[in-house]
Amino acid sequence: MSKALSKAKGFKKSRSGTYLSMATTAFGAISVVKQAKKARLESDTLRLIDAAVSAAAIVTGLAILYRELKRLGDDDVLLG
């Protein structure tokens with residue numbers, strides 16, 4: 001396997017990959033906010049609960065990614 005390919009496979013475990021995962025997870029919060037606003041306007045309790053659960057999942061996912069980012073420290077795969 002080439003060195004470039006092995007670096008690409010390690011991207012998910014890298015600092016850059018973790019930042020990218022955090023950004024995409026946070027981007028999902030936009031749809032949750034829209035869903036919550038729509039549920040409030042329509043007084044739809046079930047959709048509001050769904051939005052709250054989705055928001056909790058996003059917060060939990062970001063917390064896990066942040067913990068992983070702290071664990072990476074200086075042993076970044078892409079830096080060599």
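All figures in this text were calculated on a predicted structure; none of them were measured in a lab. (Residues numbered from 1 in each chain as written. Predicted model: local features only at pLDDT ≥ 70, side-chain atom pairs only at ≥ 80, totals over all residues. Heavy atoms only, no water.)

J.: What am I meant to see in the pattern of salt bridges here?
T.: Here the idea is simple: oppositely charged side chains can pair when their charged atoms come close. This model, assessed by the stated rule, comprises one salt bridge. In this structure, Asp44 engages Arg47 in a salt bridge whose closest nitrogen and oxygen atoms are separated by 3.6 Å. Take Asp44: its relative accessible area is 24%, and that puts it in the partly exposed class. (Salt bridge = Lys/Arg side-chain N within 4 Å of Asp/Glu carboxyl O. Buried < 20%, exposed > 50% of the residue type's maximum accessible area, 1.4 Å probe, protein only.)

J.: Please clarify how the environment of Phe27 should be interpreted in this entry.
T.: For Phe27, the location among the structural elements is in helix 2 (residues 15-42). For Phe27, a relative accessible area of 60% corresponds to the exposed category. Along the sequence, Phe27 and Ile58 sit 31 residues apart, while their C-alpha atoms lie 9.5 Å from each other. (Helix = DSSP H or I, 4+ residues; strand = E, 2+ residues; numbered from the N terminus.)

J.: Please explain unusual backbone geometry as it appears in this structure.
T.: Generally, phi is negative for residues other than glycine and the peptide bonds are trans, each holding for most cases. Even without being glycine, Ser43 reaches a positive phi, approximately 55°. In this fold, Ser43 is placed in the loop between helix 2 and helix 3 (45-72). The class of Ser43 is exposed, set by a relative accessible area of 62%.

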